[in-house]
Amino acid sequence: MKTLPVLREKKRYMAFKVMSEQAVTRYELSDEISNSMHSLFGDKGTGEINAGLLSYDGRYGIIRCARDKTIDTRAALACVTRVRGARVSIFVLGISGTIRGATEKFIQQCIIKESEPENKNTGIRTIGRRENDHTVKNEIDISPDNPLSVKKKSFENEM
Amino acid sequence: MSLFDARFYDLAVHSLENGDSTTRFAFEAKRYGYSGIAIINPELNNLDQVRKPDGFMIYPCIEISAVPGKIRNEIKKYGSSILMVRGGGEDLNRAAVEAEGLDILMQPAKFNNVLAKAAEDTSVALGFNTGTIIRMRGEVRVRELRIMKTNLMYARKYGLRMILTGEPSSLYDLRSPRDMAALAGLFGMTEKEAVDAMRMAPLEILRKKSRDYIQEGVEIL
């Protein structure tokens, strides 16, 4: 049976982007987020947040939370640092009241922004093999402080 | 207008490890919403020559690690950079807050009303390191949160300036200003205080360190 609209729990949807050294699967990410929430807020707090990973494609994702717990959810996402020993950080793109809003307003905008040709002045380009899930493997920074490090790294890659 | 449409600064970025370049870090920080960073004890001699986005500034920050008696000498030596002392025992904290010219006392574990009063007189800002919340788990984090809560209490009572930083040492440690405010909320800091700790307080310190500044109230225009 449907819940009465007035009794429905109010939710918010948070669009985020995952930056990681290695590919992170959906299961690993949701596990890590729930771990982080448990260690920050305990069972009671996590229950109140009512979090759920709704979608995740290897790079972008949407997480659900209670309307008045967006700040707590943000803090929990900020505390995710490692998945299987690889460094990870979650960047919240924005919060919306509907899933469609979160997708259209933040994730699609972010993808459009990235696909545009980069400003030539930035000088930030990376060479690397891209996996299916867009995660850059063997990333090399070609504008380093110390030029020797590039030589060393690219040599390692050839091996 | 949102509180977060402003220029933010992170005044305590560690020298980057794992070959991440300062340039790349600067671009990433800009994307996250920062307008400037200060690098602790930079290995590069000339930070002005590092390529960085338009309008983005990189400053040097010197972390003084000396015995309590030597802090004053160190301050004289590096006067033109942002000066920071990492909180430690009571003697060190005391020497730090009583030293004229110091900018930041980072996360002192033993802080009390006497030290707070001295910090008010010398206008030393109190640093809050959210990096410990991000990276630690369990008992250590509980202790750090406890420390930050008491420090916040003294800062409010004595009107001390607060500095909020994540002390990132790689690209993956960087957090956006909103995330930092959310993390600061865990130990009771309000959003407005957090924004001020990333904007007003750093700007004040940078103003003091600019060439035109002579002393409090005297400035070349």
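Above: the structure in question.
Keep in mind the model is a prediction, meaning the values are calculated, not measured.

A. Just the overall build of chain A, in detail. Tallying secondary structure elements over chain A gives four helices and seven strands in all. For chain A, the residues scored as buried account for 40% of the 159 residues in total. Relative to all contacts within chain A whose residues are 6 or more apart in sequence, the contacts with residues 24 or more apart total 65%. Carbon and sulfur atoms form 51% of the exposed surface of chain A, whose accessible area is close to 9700 Å².

B. Up close: the pairing of strand S2 (residues 52-56) of chain A. Residue and element names in this part refer to chain A. One ladder, built from four bridges, connects S2 with strand S3 (residues 60-66); its direction is antiparallel. The residue bridging Leu 53 from the neighbouring strand is Ile 63, located in S3. Between S2 and the antiparallel strand that follows it, S3, lie three residues; Gly 58 among them carries a positive phi value of about 105 degrees.

C. Region of interest: the packing of helix H1 (residues 26-49) of chain A against helix H2 (residues 70-78) of chain A. Residues and elements named next belong to chain A. Running from amino to carboxyl end, H1 crosses H2 at an angle of 160 degrees, the nearest separation of the two axes being 8 Å. Judged on the interaxial angle alone, H2 and H1 are roughly antiparallel. Between H1 and H2 lies a crossing of right-handed hand. For the pair H1 and H2, the contacting residues are Ile 33, Ser 36, Met 37, Leu 40, Phe 41 and Ile 49 in the first and Asp 72, Thr 73, Ala 75, Ala 76 and Leu 77 in the second. For the contact of H1 with H2, the per-class residue count stands at eight nonpolar, two polar and one charged.

D. How the structure looks around the nonpolar core. Membership of the largest hydrophobic core comes to 84 residues, with the highest contact counts inside it found for Leu 29 of chain A together with Phe 111, Phe 128, Leu 164 and Met 189 of chain B. Membership of the second largest hydrophobic core comes to 15 residues, among which are Ala 38, Ile 104, Ala 125 and Ile 205 of chain B.

E. Focus on a nonpolar patch on the surface. Residues and elements named next belong to chain A. Side chains of Leu 4, Val 6 and Leu 7 sit close together on the surface and give an oily, nonpolar patch of about 340 Å² of accessible area. With respect to the helices, strands and loops of the structure, Leu 7 is situated in the segment before strand S1 (11-20). On the basis of relative accessibility, which here comes to 60%, the residue Leu 7 falls in the exposed class.

F. Looking closely at the sheet that holds strand S1 (residues 8-13) of chain B. All names here are of chain B. The seven strands lie next to each other as S1-S2-S3-S4-S5-S6-S7, forming an open sheet whose pairing is parallel. Pairing within the sheet leaves two strands with one partner each, and these edge strands are S1 and strand S7 (162-165). With strand direction ignored, the average angle separating the axes of adjacent strands in the sheet is 30 degrees. When strand S6 (residues 125-129) meets S7, the two strands line up parallel, connected through four bridges.

G. The arrangement of the packing of aromatic side chains in detail. Following the criterion strictly, the structure yields four aromatic pairs over all chains and no others. Between Phe 91 of chain A and Tyr 32 of chain B the ring centres are 4.5 Å apart and the planes differ by 40 degrees, which places this aromatic pair in the tilted class. Placement of the pair is Phe 91 of chain A in strand S5 (residues 86-96) and Tyr 32 of chain B in helix H1 (residues 22-32), with the two residues belonging to separate chains. A single burial state applies to Phe 91 of chain A and to Tyr 32 of chain B, both of which are buried. Centre to centre, the rings of Phe 128 of chain B and Phe 187 of chain B are 5.6 Å apart; their planes meet at 10 degrees, and the pair counts as stacked. Placement of the pair is Phe 128 of chain B in strand S6 and Phe 187 of chain B in the loop between helix H7 (177-185) and helix H8 (191-198), with a sequence separation of 59 residues. Like Phe 187 of chain B, Phe 128 of chain B is buried.

About the thresholds
Residues numbered from 1 in each chain as written. Chains lettered and ligands numbered in written order. Predicted model: local features only at pLDDT ≥ 70, side-chain atom pairs only at ≥ 80, totals over all residues. Heavy atoms only, no water. Helix = DSSP H or I, 4+ residues; strand = E, 2+ residues; numbered from the N terminus. Buried < 20%, exposed > 50% of the residue type's maximum accessible area, 1.4 Å probe, protein only. Contact = heavy atoms within 4.5 Å. Areas by Shrake-Rupley, 256 points an atom, 1.4 Å probe, with all protein chains shown as cover. Pairing = 2+ DSSP bridges. Axes fitted to C-alpha atoms, helices over the stretch in contact; angles between N-to-C directions. Parallel < 35°, antiparallel > 145°, perpendicular 65-115°, else oblique. Left-handed = near helix turned anticlockwise from the far one by under 90°. Nonpolar A, V, L, I, M, F, W, Y, C, P; charged D, E, K, R; others polar. Core = buried A, V, L, I, M, F, W, Y, C linked by side-chain atoms within 4.5 Å. Patch = residues over 30% accessible without salt bridge, like charges linked within 9 Å, V, L, I, M, F, W, Y side chains within 5 Å. Salt bridge = Lys/Arg side-chain N within 4 Å of Asp/Glu carboxyl O. Phe/Tyr/Trp six-rings, centres within 6.5 Å; stacked < 30°, edge-to-face > 60°.

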